[in-house]
Amino acid sequence: MLIIGEQINGTRKKVGEAIRARDAQFIADLAKAQAAAGADRLDINAGTPPDREIDDIQWLIETVQGATDTPLCLDSPNPKALQEGLKAAKGRGMVNSTTAESERAKEVIPMAAENNCLLIGLTISDKGMPSTTEERVEIAGQIIEQAKAAGIAAEDIYIDPLVRGIATEPEQGVALLDATRQIREKYDPVHVVYGLSNISFGLPARSVMNRTLLAMAMSHGLDAAIINPTDRNMMAVLR
Ligand code: THG
């Protein structure tokens, strides 16, 4: 299992405040705690408006790299922020993310290839977000084909079949798990990664739901996850 620590995310209130205040100690502590808890990579998401994102992601990267050697996972929908982030990142990078949307794929896939990065591909196409298993598998195939054509090895590709809220779209759970198994079988050695916590949006006792999905998804072949590694119950399920 590849464990990607999710805590350095500017959409979280305290992290957003620390980014604005340039509170390096707060960010360094989050990095060290996640590394100590077993994170293999640290997700870096500035979560700030486009005019500030590049400055913020570069500061986050430098701050985190001053605190730990754990490699990073640069998380932005904005290809420019990913590109500038890669300039600051040491070691082998991970790009989070491309999609199969033509505008985004045509910038992000070559960038990941040129920088010898691992690549996360969300199953979103020019037609939008998929709802069926089949659509998820098909869009995964489009991303994998383009990434391989750009020179990225299959084992460096991580497909994210998009975890959606079980409260509002209960039928999506089975489609997600089926897609996970099919993608892992059909495209082996390509990996499958989730951002788990979307499952429990709007529900009470979210961590119980999140770690239950983790167990179910691992049984369907999930082999990478964006989680809070300092959540001991989550890590207990994973181990
Ligand atoms: N797939 C991919 N990347 C992703 C996601 C995904 N990156 C962002 C996100 N989803 C995963 N990261 C986080 C980071 C923090 C939190 C959730 C997901 C988090 N949430 C708190 C909660 O759930 O209760 C609330 C925020 C807070 O603490 O203030 O901590 O799906 N490829």
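Summarised in this report is the structure supplied together with it. (Residues numbered from 1 in each chain as written. Predicted model: local features only at pLDDT ≥ 70, side-chain atom pairs only at ≥ 80, totals over all residues. Heavy atoms only, no water.)

Some details on the site of the ligand
Now for step 1: Near the ligand lie 14 residues; those nearest to it are Arg12, Asp75, Asn96, Asp160 and Ser197.
Now for step 2: Here Arg12 contributes a side-chain N or O atom positioned 3.1 Å from an oxygen atom of the ligand.
Now for step 3: Take Asp160: an N or O atom from its side chain is 2.6 Å from a nitrogen atom of the ligand.
Now for step 4: Bound to the protein, the ligand loses 68% of the 670 Å² it would expose on its own.
Now for step 5: Looking at the shell around the ligand, its residues break down into 3 nonpolar, 5 polar and 6 charged. (Near = heavy atom within 4 Å. Polar contact = N/O pair within 3.5 Å; in protein donor to acceptor, adjacent residues only side chain to side chain. Areas by Shrake-Rupley, 256 points an atom, 1.4 Å probe, with all protein chains shown as cover. Nonpolar A, V, L, I, M, F, W, Y, C, P; charged D, E, K, R; others polar.)

What about the pairing of strand 3 (residues 72-75)?
Now for step 1: Both faces of strand 3 are covered, namely the face carrying Leu72 and Leu74 and the face carrying Cys73 and Asp75.
Now for step 2: Examined bridge by bridge, strand 2 (residues 41-44) and strand 3 share 3 bridges and lie parallel to one another. Residue Leu42 lies in a different strand from strand 3, and its bridge partner there is Leu72.
Now for step 3: Viewed along the sheet, the connection from strand 2 through helix 3 (residues 50-67) into strand 3 turns out right-handed.
Now for step 4: Strand direction decides the pairing type here: strand 3 and strand 4 (residues 94-98), joined by 2 bridges, are parallel. Looking across to strand 4, one finds that Asp75 is bridged to Asn96. (Buried < 20%, exposed > 50% of the residue type's maximum accessible area, 1.4 Å probe, protein only. Helix = DSSP H or I, 4+ residues; strand = E, 2+ residues; numbered from the N terminus. Pairing = 2+ DSSP bridges. Right-handed = clockwise from strand over helix to strand, strands pointing away.)

A closer look at unusual backbone geometry
Now for step 1: For the bond from Asn96 to Ser97, the omega torsion is 25°, close enough to zero to count as cis.
Now for step 2: Positionally, Ser97 belongs in strand 4.
Now for step 3: A cis amide bond, omega 5°, links Asp188 with the succeeding residue Pro189.
Now for step 4: Its place among the elements puts Pro189 in the loop between helix 7 (172-186) and strand 7 (191-195).
Now for step 5: In this structure, Arg22 is a non-glycine residue whose phi angle is positive, near 50°.
Now for step 6: Within the element layout of this structure, Arg22 appears in the loop between helix 1 (13-21) and helix 2 (24-36).

Structural notes on the pattern of salt bridges
Any two side chains of opposite charge can pair, on the condition that their charged atoms come close.
Now for step 1: Tallied over the entire structure, the rule returns 10 salt bridges.
Now for step 2: Between Lys13 and Glu17 there is a salt bridge, and its shortest N-O distance comes to 3.3 Å. Remark: Glu17 and Lys13 occur in helix 1; sequence separation between them is 4 residues, near one turn of the helix.
Now for step 3: The closest approach of N and O atoms between Glu84 and Lys87, which form a salt bridge, is 3.0 Å. Highlighted residues: Glu84 and Lys87, both in helix 4 (residues 79-88), separated by 3 residues, approximately one helical turn.
Now for step 4: Judged by relative accessible area, which is 15%, Glu84 ranks as buried. (Salt bridge = Lys/Arg side-chain N within 4 Å of Asp/Glu carboxyl O.)

Some thoughts on a negative patch on the surface
Now for step 1: A contiguous patch of negative charge on the surface is contributed by Glu134, Glu135, Glu138 and Asp178.
Now for step 2: Among the elements that take part in the negative patch, helix 6 (residues 133-149) stands out by supplying 3 residues, more than any other.
Now for step 3: Along the chain, the position of Asp178 falls in helix 7.
Now for step 4: The class of Asp178 is partly exposed, set by a relative accessible area of 33%. (Patch = residues over 30% accessible without salt bridge, like charges linked within 9 Å, V, L, I, M, F, W, Y side chains within 5 Å. Lys, Arg positive; Asp, Glu negative; His and termini not counted. Charge placed at Lys NZ, Arg CZ, Asp CG, Glu CD.)

Quick notes on the sheet that holds strand 5 (residues 118-122)
Now for step 1: Strand order around the closed barrel formed by 8 strands is 1-2-3-4-5-6-7-8, with parallel pairing between neighbours. Adjacent strand axes in the sheet meet at a mean angle of 25° when their direction is disregarded.
Now for step 2: Sheet topology places strand 7 next to strand 8 (residues 224-227); 3 bridges connect them, and they run parallel. Looking across to strand 8, one finds that Val193 is bridged to Ala224. (Axes fitted to C-alpha atoms, helices over the stretch in contact; angles between N-to-C directions.)

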